Amino acid sequence: MTLEPDKQLGMTIEEEYTATHSKSQGLYRRAKEVIPSGLVHDVRHMIPFPVYMDRGAGSKVWDVDGNEYIDYHPGHGTYILGYRNPAIVEAIKKQLDKGIEFGSCNELEIRAAELVVEMIPCAEQVRFIGSGAEANMLAIRIARAYTGKDKVIKFRGHWHGAFDGAGFAAVSAPFDVPYSAGTSKEAFKDVLLANHNSSEDVRRFAERGDVACVIMEPTGAHHGMMPNRLGFIEEVRQITKEMGIVLIWDEVMTNFKLAAGGAQEVTGVIPDLVTLGKSLGCGMVVAAVAGRKQIMQQLAFTGDKRHDRYQRVRSQGTHSGTPIALAATVAGLEILKSGEVQARMNRLTGVLRKGLNEQIKKHNVRGCAYGDYSIVRIFLNHNCPYLGKCDVEHCSNPDLEMLDAGMEASLRSKVILALLLNGINCGLGLVELFVSGAITEQDIKKTVEAFDRSLARLKAEKVL
Ligand code: PMP
């Protein structure tokens, strides 16, 4: 429901949002009674209240008040092909009629694994599991069993999911404390915390001789929001190879988005293990660990009772590779394997970044819209010391603290509200846009126009 311009007059962004989202507000009041803060995911925390979505189709979502948005946060980055892609819907419907979960083996897991092996360079074998965090937990466990060592090298700022062993130095400064209350200090005793972009730290830790694995996001902290410097991943690959340490790439966010073969195809650097998620299910709940057969064989039964009881890696989970999700995986990967969809997504995102930066310049705001592949992050009123000295679209800022300091929380909320009022949904936690395969040239044009109106409104309200 959009208010007529005369009705908007004199209203603040927050007042107009409240006036046009009354059903969302009502649901939020109800939710708070039975759900802490009314939220089932922390990043949806939003002032004055979150928007409640009702349905999606292609590149669009509609909220419960009937407002339409171009969606740049489709399922936290899972819907790589957009909502209700016909091939995915068809595959899910077909499986729905047969059965959601059998608790038994099913042919879909073989076809899905074959497709992952075909697409991802390091993948010789695959194991499906429920979520990205579980995939990382399992990958670390496999690496420990394979090397007989315990320590894990992790980088400040890299996010690997909400489990104790990785929830350290993960989301926001200060990076040297657990990201959540209630995490066990014991869980961190095996984590060696390396500095952002520091292969010197990796070498120094590796020389201790007790390191099982390095886990990292190949595109940099938070899927490239604070990118890795050039040459860094090659250096880490070199050190881990020399020292017999398992290199795990967490591609839960980036897999199949950068290209059919993910970051491995783009960089030519090949880790030992990779964790996959999000786009793997095209909206459905599935993740995986994949990698070199010799290492993945830690999961295999050998028939040797002693080995299978004491040396084998165990993995189980009710929804590990559930057929209803793998039906979507198979249908999705069949579309994504040529890489054409991703090439188009990357190209359109380049157009979007350029258009957004032109608006930032036109409105004379200090900020940028940057990122690589099909992702854009917007920082406004930005205190980055590199701004103006960089190419704006591709961040080369080495200072991890900027991940946080880029945009103050109340400003971020206002920007998100202003974008919602102009028909753009970018999720509620960050001003971050994932361009899905359903986004059109027309959507990009409309988004830049909406951003123009949003900046004007934010400036008029003296938020910027
Ligand atoms: N690793 C990365 C790089 C991620 O982006 C995420 C999710 N944002 C995870 C792991 C955790 O995945 P999940 O939320 O499915 O547990």
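Scroll up to find the structure this text is about.
So, here is what we can say about the structure in this document. Treat the numbers as computed from the prediction; the structure is a model and nothing was measured.

Comments concerning the overall build of the chain
From N to C terminus, the chain includes 17 helices and 15 strands. Against the compact-globule benchmark of 23 Å for 464 residues, the chain has a radius of gyration of 22 Å, which places it among compact chains. Along the first, second and third principal axes, the C-alpha atoms of the chain reach 80 × 55 × 45 Å. Counting across all 464 residues of the chain, residues that qualify as buried make up 55%. In the chain, of all internal contacts separated by at least 6 residues, the share reaching a separation of at least 24 is 69%. Side chains of the chain carry 55 positive and 56 negative charges; the gap between the two charge centres is 1 Å.

What to know about the pairing of strand S7 (residues 211-216)
Burial analysis of S7 places six of its six residues in the buried class, the great majority of the element. Here four bridges tie strand S5 (residues 151-155) to S7, and the two strands are oriented parallel to one another. Paired with Lys151 across the two strands is Val211, which belongs to S7. As paired elements, S7 and strand S9 (residues 246-250) share four bridges and run parallel to each other. Within S9, the residue paired with Cys213 across the bridge is Val246.

Quick look at the site of the ligand
As a structural note, the neighbourhood of the ligand is formed by Ser131, Gly132, Ala133, Asn136, Trp159, His160, Gly161, Glu217, Asp250, Val252, Met253 and Lys278. Between the ligand and Asp250 there is a distance of 2.6 Å, counted from a nitrogen atom to a side-chain nitrogen or oxygen. With respect to the ligand, the side chain of Lys278 contributes an N or O atom lying 3.2 Å from a nitrogen atom. Protein chains bury 77% of the 390 Å² of accessible surface belonging to the ligand in isolation. Residue classes in the shell around the ligand are distributed as four nonpolar, five polar and three charged.

A closer look at the sheet that holds strand S11 (residues 287-291)
One key point about sheets: their strands pair by backbone hydrogen bonds, in either a parallel or an antiparallel sense. One open sheet holds the seven strands; their spatial order is S4-S11-S10-S9-S7-S5-S6, and the pairing between them is mixed. With one partner strand each, in any of the chains shown, strand S4 (125-129) and strand S6 (191-194) form the two edges of the open sheet. Each strand axis lies, on average, 20 degrees off the axis of its neighbour in the sheet, ignoring direction. Pairing of strand S10 (residues 273-276) with S11, which is carried by four bridges, proceeds in the antiparallel orientation.

Brief notes about the environment of Gly132
Note on placement: Gly132 falls in helix H6 (residues 132-147). Residue Gly132 is classed as buried on the basis of its relative accessible area of 17%. Residues Gly132 and Lys361, 229 residues apart in the sequence, show an inter-C-alpha distance of 38 Å. What Gly132 contacts, discounting residues up to four positions off in sequence, is His160, Val252 and Ala287.

What counts, and at which threshold
Within each chain, residues carry numbers counting from 1 in the order of the written sequence. Owing to the predicted nature of the model, reporting of local features is limited to residues with pLDDT of at least 70; listing and counting of side-chain atom pairs is limited to 80 or more, with chain, interface and lining totals taken over all residues. Calculated side-chain values reflect all of the structure's heavy atoms, with hydrogen atoms and water omitted. Numbering of helices and strands starts at the N terminus; helices are DSSP runs of H or I of at least 4 residues and strands are runs of E of at least 2. Put simply, the radius of gyration uses C-alpha atoms, and a globule should come to 2.2 Å times the residue count raised to 0.38. Three exposure classes are used, based on accessible area relative to the maximum for each residue type with a 1.4 Å probe and protein chains only: buried under 20%, partly exposed in between, and exposed over 50%. Between two residues, a contact is recorded if the distance between any of their heavy atoms is within 4.5 Å. We treat Lys and Arg as the positive residues and Asp and Glu as the negative residues; His and chain ends play no part in the count. Taken as the charge location is NZ of Lys, CZ of Arg, CG of Asp or CD of Glu. The pairing criterion for strands is at least two bridges between them, as found by DSSP. Here a residue is near a molecule or strand as soon as one of its heavy atoms is found within 4 Å of it. Definition of a polar contact: a pair of N or O atoms within 3.5 Å, with one able to donate and the other able to accept a hydrogen when the atoms are protein atoms, and with sequence-neighbouring residues admitted only if both atoms are side-chain atoms. Areas reported here follow the Shrake-Rupley algorithm with a probe of radius 1.4 Å; residue values treat only the protein chains shown as occluding. Following the grouping adopted for this structure description, the nonpolar residues are Ala, Val, Leu, Ile, Met, Phe, Trp, Tyr, Cys and Pro, the charged ones are Asp, Glu, Lys and Arg, and the polar ones are all others, Gly among them. Here an axis means a line fitted to C-alpha atoms, over the contact stretch when the element is a helix, while the angle between two N-to-C directions is reported on a 0 to 180 degree scale.

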